[in-house]
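Descriptive analysis of the structure
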Amino acid sequence: MTLGIFASLGIGQWDNFRVPKKWYLLLIPVAIMAFLSVTDESHHFMFYIIPDEPQPNLNFHPNIGLFLMAGLGLALMIVRIFLIYRRNRAISENRFLRWFIPLLEPILIVVFSFSYFAVSLRSIPALENFEVIELFAKIYYIEVLTWEIYIYVGLVPINTKYPEIFRHATVGMQIIGNDGYTLLSRAATEVSPEQLQALKRREHIVAEPGKELHMHSFPGGVLLWKKDISLLQKTIGELNQSAETLAQEGALLDEEFKTKSEEASLLAKNQIYDDLTNEIKVQLRLMKKITKKQNTGENSADLLRNLCLLGTYVKQRCNLRLIQKETGVIHDDDLRLSFQSMVSAMNLTGIRTELCWRSDKRFSAGFSIFFFDVLEYLLEHERFAVGEVLIAAERRQARFAVMGSSINLPESFVQSVDAKGYSVAYRDIPGGYEIIMEEGGDRYVP
């Protein structure tokens with residue numbers, strides 16, 4: 001309430017107005033009441049406590065101090081009403097409303113406070129458990145509501161109620177009434193009817209370079225004002241220029257990143273190709289040697305058969321290694337397809353070959369490569385002229401049965417294969433021999 005009195009004293013005053021010092025004496029009773037409210041638990045001047053009352057912290061019963069505070073508040077309201085009347089005595093329109101509104105707040109406070117005091121004094125027993133916080137919330141709401149109504153009806157005027165202040169304002173504003181009356185500020189410029197129509201459609205337009213014209217409608221007319229957007233336009237221009245620079249730098253960075261990615265990809269591919277070439281270098285030298293023999297007049301059919309088998313092996317072997325590098329494993333389907341390609345090539349070159357695949361467990365990547373390499377070792381040992389071959393995969397065991405061989409398998413061959421890190425067994429069978437391999441771990445590194 002005291003702050004409301006200070007605000008009422010400033011109505012209609014200039015910017016350099018200061019509240020007279022004598023009015024600060026009103027802060028003394030306000031400070032005393034505030035101190036008594038904070039320390040009420042020690043003296044119960046504001047609220048008294050009923051002995052043996054359940055939940056006494058929820059029920060505040062007014063004592064003499066609260067009545068004194070209410071009286072002080074009403075007195076301050078009356079003083080504020082007097083000040084508002086005195087500041088607006090020259091305003092004649094809506095006289096009844098302007099005289100009635102200032103009296104509205106004390107009336108509302110009395111009405112809303114009556115129920116609380118009646119309950120606290122046990123005059124209305126049916127409304128018990130009414131909390132004091134609800135009363136304070138209503139009082140604060142009434143205070144805000146009345147000040148909003150003061151502003152709305154003109155009891156607290158804004159600058160548009162003071163033509164001289166408006167005319168001397170440095171902001172380019174103007175008011176155009178519905179009756180055609182125009183009030184210009186010193187920095188305002190005339191607005192054409194075309195600009196006014198455009199403002200009604202879009203609310204703001206660019207009236208001149210660096211200036212934006214805005215409009216706000218209110219009962220009785222419209223308010224127009226200019227807004228300096230030159231700094232904003234300059235900032236936007238600088239941001240656009242920075243964005244273009246960043247876009248160019250981003251494009252360069254993207255191109256550099258793309259180049260580096262391609263370079264890294266090429267290096268990785270070259271490394272993979274080098275590794276693959278190193279692993280099959282023996283077969284590549286053999287293919288090169290066979291190719292040179294074509295010019296010496298040897299049997300071309302046999303040479304082409306050898307090249308076909310070696311070429312199929314090299315292709316499928318590289319595929320298996322690439323799958324391993326990409327996924328870390330070699331699935332049974334990939335290994336079986338590679339053997340099927342070899343079986344097709346061997347049958348095409350006159351070697352009767354059969355693939356028997358009954359493995360219910362996946363071989364490790366190392367054993368899969370080893371299994372495939374042993375087939376090439378056998379063909380190379382037999383000089384690609386074996387009669388019949390059976391390739392079998394069962395559980396974690398793989399075997400080759402070779403029939404119709406014209407060359408005995410030496411013990412050194414078995415020992416060299418066994419040295420690769422897996423269990424290898426050799427036995428003779430009717431018409432040939434059989435090599436049995438079992439996986440003992442992923443240890444094969446060709």
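Residues numbered from 1 in each chain as written. Predicted model: local features only at pLDDT ≥ 70, side-chain atom pairs only at ≥ 80, totals over all residues. Heavy atoms only, no water.

Observations concerning the sheet that holds strand β11 (residues 423-429)
One open sheet holds the five strands; their spatial order is β8-β9-β10-β12-β11, and the pairing between them is mixed. This sheet does not close on itself; its edge strands, each paired only once, are β8 (352-358) and β11. Each neighbouring strand pair of the sheet contributes to a mean axis angle of 15 degrees, computed without reference to strand direction. Seen against the sheet, helix α13 (residues 365-381) touches β8, β9 (388-394), β10 (397-403), β11 and β12 (432-438) and runs at an angle of roughly 10 degrees to β10. (Pairing = 2+ DSSP bridges. Helix = DSSP H or I, 4+ residues; strand = E, 2+ residues; numbered from the N terminus. Axes fitted to C-alpha atoms, helices over the stretch in contact; angles between N-to-C directions. Contact = heavy atoms within 4.5 Å.)

Describing the pattern of salt bridges
This model, assessed by the stated rule, comprises 13 salt bridges. Bridged by salt links that share partners, the residues R358, E394, R399, R427 and E434 form one connected network. (Salt bridge = Lys/Arg side-chain N within 4 Å of Asp/Glu carboxyl O.)

What about α13?
Over its 17 residues, α13 extends 24 Å from the first C-alpha to the last, a length consistent with the 24 Å expected when each residue adds 1.5 Å. Taken across its 17 residues, α13 has 14 buried, putting it largely inside the fold. (Expected span 1.5 Å × (residues − 1). Buried < 20%, exposed > 50% of the residue type's maximum accessible area, 1.4 Å probe, protein only.)

What about the side chain of T312?
Of note, T312 is situated in helix α11 (residues 300-327). Look past the residues within four positions of T312 in its chain and what remains in contact with it is S341, M342 and A345.

Points about the nonpolar core
General note: in soluble globular proteins, nonpolar side chains tend to be found buried as a group. If you look at the biggest cluster of nonpolar residues, it comprises 46 residues, and the most contacted ones within it are F339, F371, F400 and M437. Listed by contribution, the elements that provide at least two residues to this core are α10 (281-293), α11, α12 (332-348), α13, β9, β10 and β12. With residues up to four places along the chain from it excluded, the contact list for F339 reads L355, W357, F371, F372, L375, I391 and F400. Membership of the second largest hydrophobic core comes to 10 residues, among which are A198, I205, L213 and V222. (Core = buried A, V, L, I, M, F, W, Y, C linked by side-chain atoms within 4.5 Å.)

Some points on the confidence of the model for the protein
Any region with low pLDDT has predicted coordinates that should not be read closely. Model confidence for the protein is summarised by a mean pLDDT of 77, while 77% of its residues fall at 70 or above. The lowest-confidence element of the protein is helix α7 (residues 163-167), averaging 58 in pLDDT; the highest-confidence one is α12, averaging 91. Confidence drops under pLDDT 50 across residues 441-446; counting only partners more than four residues distant or on other chains, this segment forms 22 contacts. (pLDDT = per-residue confidence, 0-100.)

Overview of the packing of α12 against α13
Helix packing geometry: the angle between the two helix axes and the distance between the axes. Viewed as axis vectors pointing N to C, α12 and α13 meet at an angle of 10 degrees, and their least axial separation amounts to 10 Å. Judged by the inter-axis angle, α12 sits roughly parallel to α13. Two secondary-structure elements touch here, α12 through L335, S338, F339, M342 and M346 and α13 through S368, F371, F372, L375 and L379. Of the residues assigned to the contact of α12 with α13, the class counts are eight nonpolar, two polar and no charged. (Parallel < 35°, antiparallel > 145°, perpendicular 65-115°, else oblique. Nonpolar A, V, L, I, M, F, W, Y, C, P; charged D, E, K, R; others polar.)

Considering the packing of α10 against α11
Packing of α10 against α11 brings their axes to within 10 Å, and their N-to-C directions diverge by 155 degrees. Overall, the two elements α10 and α11 adopt an arrangement that is roughly antiparallel. Of the two elements, α10 crosses α11, and the hand of that crossing is left-handed. Taken together, the residues of α11 that come into contact with α10 (itself represented by Q283, L286, M287, I290, T291 and K293) are L303, N306, L307, L310, G311, Y313 and V314. In the contact of α10 with α11, the residues fall into eight nonpolar, four polar and one charged. (Left-handed = near helix turned anticlockwise from the far one by under 90°.)

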